[in-house]
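Examining the three-dimensional arrangement
As a plain string of letters, each chain reads:
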Amino acid sequence: MAAQQVHMQVWRGDVSGGEFRDYRVEAGEGMVVLDIIHAIQAQHANDLAVRWNCKAGKCGSCSAEINGKPRLMCMTRMNTFQPGETITVSPIKTFPIIRDLVTDVSYNYEKARQVPAFKPKPKESDGTRRMFQEDIDRVQEFHKCIECFLCQNVCHVIRDHEDNKKKFAGPRLFVRLAALEMHPLDTNDRIDLIKQKAGIGFCNITKCCTEVCPEHIHITDNAIIPLKERIVDRYFDPIAKLMGLFSEKKR
């Protein structure tokens, strides 16, 4: 397959403002959008800022919005676009711009620091800790997260409402919390944190986070909804409340 010239519009700018700029480069067989961005850097704009690392869809660094859709640049093949189609590449919109395609995603790490670490239960009498395979299978998918933050980017709770960032952790952190809460050996109690500081009640289960996950994690069904159920069990289940009152009276 012969190389074809492609028309790219790449957002250039910083916190003070910016605009899309036009570039035309050759695209060969097997190339992905990240290859084209590198070609633009080499041939037209060596000051173009972009994050990337593995180029294999496993580091989560090269998140961007391609034709308005949040994707990994290294996993978006050029042959998925129509010949002659103009392709736009812009930074993910939920986080502050640093420069060009690079955004400040430190919000996610600040929220991660609020999550209590894994705390295993004491070892059994023979010095081991045992788990059932089904318990392992349940949390295994959560560990596939590559922290690309595409799920955070599309979550309208924080994308459309800047003030919510103070009290809402977002889907990536709910995946982390679910991995810990559902771990059969963990003893830390994070239910109050999930309700109060993580603000899971703000999530209205639109499943937009699940739709953009490059690792195909079932964020809504397997992480967020089960966490919401645990909140309901503790705070709103009338039978649980009665049992709690009964236990207090017995003490």
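Preceding block: the structure.
For the structure given in this document, a descriptive report is provided here.

What counts, and where the lines are drawn
Residues numbered from 1 in each chain as written. Predicted model: local features only at pLDDT ≥ 70, side-chain atom pairs only at ≥ 80, totals over all residues. Heavy atoms only, no water. Salt bridge = Lys/Arg side-chain N within 4 Å of Asp/Glu carboxyl O. Helix = DSSP H or I, 4+ residues; strand = E, 2+ residues; numbered from the N terminus. Phe/Tyr/Trp six-rings, centres within 6.5 Å; stacked < 30°, edge-to-face > 60°. Buried < 20%, exposed > 50% of the residue type's maximum accessible area, 1.4 Å probe, protein only. Lys NZ or Arg CZ within 6 Å of the ring centre and 35° of its normal. 1 Å grid on protein atoms, 1.4 Å probe; cavity = no way out; pocket = protein on both sides within 12 Å on 5 of 7 lines; lining within 4 Å. Points joined across faces, edges and corners; volume = space filled by probe spheres on them. Nonpolar A, V, L, I, M, F, W, Y, C, P; charged D, E, K, R; others polar. Contact = heavy atoms within 4.5 Å. Pairing = 2+ DSSP bridges. Disulfide = S-S within 2.5 Å. Core = buried A, V, L, I, M, F, W, Y, C linked by side-chain atoms within 4.5 Å.

Topic: the pattern of salt bridges
Any two side chains of opposite charge can pair, given that their charged atoms come close. With the rule as written, the count across this model stands at 18 salt bridges. K93 is the partner of E65 in a salt bridge, and the nearest nitrogen-oxygen pair spans 4.0 Å. Taken together, the positions of E65 in strand β3 (residues 63–66) and K93 in the loop between β5 (86–90) and β6 (97–99) put the pair 28 residues apart, joining distant regions of the chain. Between R130 and E124 there is a salt bridge, and its shortest N-O distance comes to 2.6 Å. Here the residues in one salt-bridge network are R12, D47, R99 and D100, joined through shared partners.

Regarding the packing of aromatic side chains
Applying the stated criterion across every chain yields a total of 5 aromatic pairs. Pairing F168 with F174 gives two aromatic rings, centres 5.5 Å apart and planes at 75°, and the pair type is edge-to-face. Comparing F168 with F174, the two get one shared label, buried. By the ring-pair criterion, three or more aromatic residues cluster together here, those being F168, F174 and F202. One cation-aromatic arrangement involves K165 over Y107; the distance from NZ or CZ to the ring centre is 5.7 Å.

Focus: the layout of surface pockets
By volume, the largest pocket is sized at about 300 Å³. Around the largest pocket, the lining is made up of 18 residues, and of these R71, L72, M75, V212 and P214 lie nearest the centre. When residues of the lining of the largest pocket are traced back to their parent elements, those giving at least two are β4 (69–72) and α8 (208–212). The leading source of residues in the lining of the largest pocket is β4, at 4 residues. Looking at the lining of the largest pocket, its residues break down into 8 nonpolar, 4 polar and 6 charged.

Digging into unusual backbone geometry
Of note in the backbone geometry, D100 takes a positive phi value of approximately 55° without being a glycine. Following the sequence through the fold, D100 ends up in the loop between β6 and β7 (102–103). The class of D100 is buried, set by a relative accessible area of 2%. The phi dihedral of F149 falls on the positive side, at around 65°, and the residue is not glycine.

Some points on helix α6 (residues 171–181)
Summarising burial for α6: 10 of the 11 residues are buried, a large majority. Where α6 is concerned, the buried positions are P171, R172, L173, F174, V175, L177, A178, A179, L180 and E181. Of the surrounding secondary structure, the elements contacted by the buried residues of α6 are α2 (106–112), α3 (133–140), α4 (150–154), α7 (191–196), α8 and α9 (219–235).

Side note on the pairing of strand β2 (residues 17–27)
Direction of pairing for strand β1 (residues 4–14) relative to β2: antiparallel, over a ladder of 11 bridges. Counted as the bridge partner of V10 is R21 from β2. Hairpin connection of β1 to β2: 2 residues between the antiparallel strands.

Some points on the state of the cysteines
Counted according to the given criterion, the structure contains 0 disulfides. No disulfide involves C155; its sulfur sits 5.8 Å from the nearest other cysteine sulfur, which is in C208.

Regarding the nonpolar core
Considering soluble globular proteins, one finds that nonpolar side chains tend to be buried as a cluster. One finds I37, I40 and M73 to be the most contacted residues of the largest nonpolar core, which totals 70 residues. For this core, the leading source of residues is α6, giving 7 residues. Once residues lying within four places of it in the same chain are set aside, the contact partners of M73 are V32, V33, L34, I37, V50, C62, A64, I66, V89 and L101.

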